[in-house]
Amino acid sequence: MGQFEAFKQQIVETCQALVEKGYLMATGGNVSLRKPGQNAFAVTPSNYDYLKMTYDDVCVLDFNLNPLEGHLKPSVEASMHAAIYQARGDVNAIIHTHQVYASALTLIKTPIPALFDEQARFLGRSVEIIPYAPSGTGMLKNTISKHVLNHNNAFMMQNHGALVFGHDMERAMHNVEILEKCALAYLLAICTERKVSKIPLAVREIAFAKLRKDQKNVESGKFELGGE
Ligand SMILES: [Zn+2]
């Protein structure tokens, strides 16, 4: 029994919940969880049926992608996950989905401005589009590592899908749901061809400041999980 068992189990439960809610389809997407205080993370295996997955199928890697546990090939995006953990000390969980409404916005390269209070509080100032690069390439990894430095917790990858972060898996899952709600509401609003209103700039900045405070607390180890 390995030291990462509980972490691997959390990945399995998250994937199954994401499939049930319709955010993960077929074998698309990938999910990972950092082991705080260690240069290691658990990540879903490549091209594997989420509903058949058990904790034993989850891979554990160090940040140089050396395998520590697991018998399957890790996700082709494992290097992207490692790069994000190295760039963002506040991120302990990453969910990459092909969720439909956020994916639709990537096709028209339309970022989501600050539309709702809870969006700014949990996802950041906006949800930007990360320019297209093929999956599993160094080009995609490098582009993403630069974008995530703006401290937002959700991104949309052009012609691909969504990338969402949290200080823990529960928050990352919550952020996936907020993103999809915002993407759908924004798409519907755009379809009216009327002007889409945003929240006031001052409100956006106050909400983002709270998010930044959380992130700094996580980085300094002061954040109590589940606390405000
Ligand atoms: Zn993908």
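Residues numbered from 1 in each chain as written. Predicted model: local features only at pLDDT ≥ 70, side-chain atom pairs only at ≥ 80, totals over all residues. Heavy atoms only, no water.

(A) Quick look at the overall build of the protein. When its secondary structure is counted, the protein shows seven helices and eight strands. What you see for the protein is a C-alpha radius of gyration of 17 Å, in line with the 17 Å of a compact globule of 228 residues. Projected onto its principal axes, the C-alpha coordinates of the protein cover approximately 55 × 40 × 30 Å. Burial status across the protein gives 51% buried among its 228 residues. Pairs at least 24 residues apart make up 68% of the contacts formed inside the protein by residues separated by at least 6 positions. Entry remark: accessible area of the protein is about 10700 Å², with carbon and sulfur atoms responsible for 54%. (Helix = DSSP H or I, 4+ residues; strand = E, 2+ residues; numbered from the N terminus. Rg over C-alpha atoms; globule rule 2.2 N^0.38 Å. Buried < 20%, exposed > 50% of the residue type's maximum accessible area, 1.4 Å probe, protein only. Contact = heavy atoms within 4.5 Å. Areas by Shrake-Rupley, 256 points an atom, 1.4 Å probe, with all protein chains shown as cover.)

(B) Representation of the pattern of salt bridges. Per the counting criterion, the structure on display carries seven salt bridges. Close ionic contact of Glu-177 with Lys-21 constitutes a salt bridge, the shortest N to O distance being 3.1 Å. Here the residue Glu-177 occupies a position in helix α6 (residues 169-191), and Lys-21 occupies one in the loop between α1 (5-20) and β1 (30-34), the gap between them amounting to 156 residues. The exposure class assigned to Glu-177 is partly exposed, which follows from its relative accessible area of 30%. Of the residues examined, Lys-21 reaches a relative accessible area of 46% and is grouped as partly exposed. A salt bridge links Arg-88 to Asp-90; its shortest N-O distance comes to 2.9 Å. Given a relative accessible area of 4%, Asp-90 falls into the buried group. (Salt bridge = Lys/Arg side-chain N within 4 Å of Asp/Glu carboxyl O.)

(C) Looking closely at unusual backbone geometry. Even without a glycine there, the phi angle at Ala-26 is positive, about 50°. Secondary-structure assignment places Ala-26 in the loop between α1 and β1. Phi at Asn-159 takes a positive value of approximately 50°, unusual for a residue other than glycine. Among the secondary structure elements, Asn-159 is positioned in the loop between β7 (154-157) and β8 (161-166).

(D) Structural context of the coordination of the zinc ion. Coordination sphere of the zinc ion, protein contribution only: His-96 (NE2), His-98 (NE2) and His-160 (NE2), at 2.0 to 2.2 Å. Sequence positions of the donors to the zinc ion reduce to the motif H-x1-H-x61-H. In this pair, His-98 sits in the loop between β5 (93-97) and α3 (100-107) while His-160 sits in the loop between β7 and β8, placing the two residues 62 residues apart along the sequence. Here His-160 falls in the buried class, since its relative accessible area comes to 15%. (Donors = N, O, S within 2.8 Å, 3.2 Å for Na, K, Ca; no water.)

(E) Spatial organisation of the packing of α1 against α6. It is the contact of α1 with α6, at a shortest axis distance of 11 Å, that shows an interaxial angle of 15°. With respect to each other, α1 and α6 are oriented roughly parallel. Relative to α6, α1 is oriented so that their crossing is right-handed. Between α1, through Gln-10, Ile-11, Thr-14, Ala-17 and Leu-18, and α6, the contact on the second element is made entirely by Met-169, Met-173 and Val-176. By residue class, the composition of the contact of α1 with α6 is six nonpolar, two polar and no charged. (Axes fitted to C-alpha atoms, helices over the stretch in contact; angles between N-to-C directions. Parallel < 35°, antiparallel > 145°, perpendicular 65-115°, else oblique. Left-handed = near helix turned anticlockwise from the far one by under 90°. Nonpolar A, V, L, I, M, F, W, Y, C, P; charged D, E, K, R; others polar.)

(F) Up close: the nonpolar core. Grouped together as the largest cluster of nonpolar side chains are 40 residues, with contacts concentrated most on Ile-11, Leu-18, Ile-95, Ile-112 and Leu-179. For this core, the leading source of residues is α6, giving 10 residues. Every residue in contact with Leu-18, bar those within four places of it in the chain, is listed here: Tyr-23, Leu-24, Val-31, Ile-95, Met-173 and Val-176. By size, the runner-up hydrophobic cluster in this structure holds 21 residues, among which are Cys-59, Met-80, Tyr-85 and Ile-94. (Core = buried A, V, L, I, M, F, W, Y, C linked by side-chain atoms within 4.5 Å.)

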